[in-house]
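In case you want the letters, here they are:
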Amino acid sequence: MSKKPEKDTFVTEITPRSEDFSKWYLDVVRRAELADYSPVKGFMVIRPYGYAIWELIQQALDRRIKASGHVNAYFPLLIPESLLHKEAEHVEGFAPQVAYVTHGGGEELEERLVVRPTSEAIIGTMYAKWVQSWRDLPILINQWANIVRWEKVTRPFLRTTEFLWQEGHTAHETDVEAEAETLSILHMYKETVETEMAVPVIEGIKSESEKFAGALRTYSIEALMGDGRALQAGTSHNLGQNFAKAFDITFQARDKSVQHVWGTSWGMTTRLIGAAIMVHGDDSGLVLPPRIAPFQVVIVPIGRDNWRETVLPKAQEIQRALQGAGIRVTLDEREERPGWKFAEWELRGVPLRVEIGPKDIEKSAVLVARRDTREKQSLAMENLDEQLHVLLDEIQKNLLHRALAFRAEHTQHASSYDEFRQTMEGRPGFVVAAWCGDAACEAQIKTDTQATIRNMPIGGSAPSGTCVHCDKPAIAEAWFAKSY
Ligand SMILES: [Zn+2]
């Protein structure tokens, strides 16, 4: 492994997407320098370019979290084991994935500590101390943190033992308020992912078997990846009073009675980066929506031997002008052939490439290439920033429309179980079908087809027919898919 690969073979090292989607994904992650494997199995290193994408997603979400009245705080990484055990369903759900700290300061600890798999237990414990009266409610706290859930099979961003996320934890006076919070967060997640990442999602409620351990109800947003598999992109849980009872979070109500609070929790993670790769990417690599692209524009100087004298000063001038106009721009002045640079920035998914050579300078123009459509056009240097802003907006919209069209093409309805199975085996994607609400029926469908219920759209009218599998009366239209 000591020999560096020939730079000319840079791009051909990516497995074509149509040939092997899974290998293509790993190639893109590695070659675009988004993440790398670490010495600890299942843990990943997020490299600067991948982290820059995360920061843009993180900032966009954080703005919305704060604008909707929430505040950020930070709770400890380690949780006494006994706290995790207070909520029975919760501990049962997470026990197989928990990592423990048994020693500290050279001595065995009296009580083992859990590396947080999520923070309901520690935050619930603190809320019990902080809440006395209805006047202390609601509590609307979010934390940005890392968590650990031990995984047997991992894949960068999509499933790693440690990942980054935000987790919101709220406490309310009434069940109505808690449900409203749960849904308003779900809508915020949908809006964020669709607006910032150009990834369309289906909002809905999870079945009992897929809900969060200890929750009353779990809602999710589900996206469709380029290989027809679904990806859960965010979840919002109505915890009811389960955690309040387990952690004794009580308050004196307006009528002086002592009551338990109503809770919610909700999270989105670094797996969103995986979604962006798999929804928009192509055979040449990453295709980044402008709003989450670390560089929205790359300037590549074109020219013969003396380009540093003839072209570079003008390229630098353009770079400064674009920076001044709020565009994230980089200038590639390395000593490489332009063709090699084009391929590399395509691989890294930069939405717009600006080429500038001696002839362009004579015409006071530049050549602009779009990553999404590969269209090229000559644009005047005058007001270039405005023209690029328009193009960036168009790319952002085009990527969302493209993903919506793909999802529409890969969503089918099935009215019989034969049809359901054939569709699921034939053309990957969502299959929408009536379902009875029975867990055993759901499990059988999964055994037969590997497909699970991703969610059931909120507010959808109850179907009149019978379950696609067992013919019992249907309770909902469910969105089924094979998933990550
Ligand atoms: Zn059924």
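Above this text sits the structure in question.
The structure displayed is predicted, hence computed values, not measured ones.

Side note on the environment of Gly93
Mapping Gly93 onto the fold places it in helix α4 (residues 88–94). Taking the C-alpha atoms as reference, Gly93 lies 17 Å from Ala443; in sequence the two are 350 residues apart.

Regarding the pairing of strand β22 (residues 452–457)
A regular strand places its side chains so that they alternate between the two faces of the sheet. With five of six residues buried, β22 is to be regarded as a mostly interior element. With two bridges joining them, strand β9 (residues 202–205) and β22 adopt antiparallel strand pairing. If you follow Gly204 over to β22, its bridge partner there is Pro457. When β22 meets strand β23 (residues 476–481), the two strands line up antiparallel, connected through three bridges. When the sheet's bridge partners are listed, Ile453 is paired in β23 with Phe480.

Regarding the packing of aromatic side chains
For the structure on display, the rule yields 13 aromatic pairs. Relative to Trp479, the ring of Phe430 has its centre 5.1 Å away and its plane inclined at 75 degrees; by these criteria the two rings are edge-to-face. In this pair, Phe430 is assigned in strand β21 (residues 430–435) and Trp479 in strand β23, connecting sequence segments 49 residues apart. An aromatic cluster is present here, built from Phe75, Tyr127 and Trp130 joined pairwise through their rings. Directly above the ring of Tyr100 sits Arg112, whose terminal nitrogen or CZ lies 3.8 Å from the centroid. Here the basic side chain of Arg348 rests over the ring of Tyr49, its NZ or CZ set 4.2 Å away from the ring centre.

Thresholds applied
- Residues numbered from 1 in each chain as written.
- Predicted model: local features only at pLDDT ≥ 70, side-chain atom pairs only at ≥ 80, totals over all residues.
- Heavy atoms only, no water.
- Helix = DSSP H or I, 4+ residues; strand = E, 2+ residues; numbered from the N terminus.
- Buried < 20%, exposed > 50% of the residue type's maximum accessible area, 1.4 Å probe, protein only.
- Pairing = 2+ DSSP bridges.
- Phe/Tyr/Trp six-rings, centres within 6.5 Å; stacked < 30°, edge-to-face > 60°.
- Lys NZ or Arg CZ within 6 Å of the ring centre and 35° of its normal.

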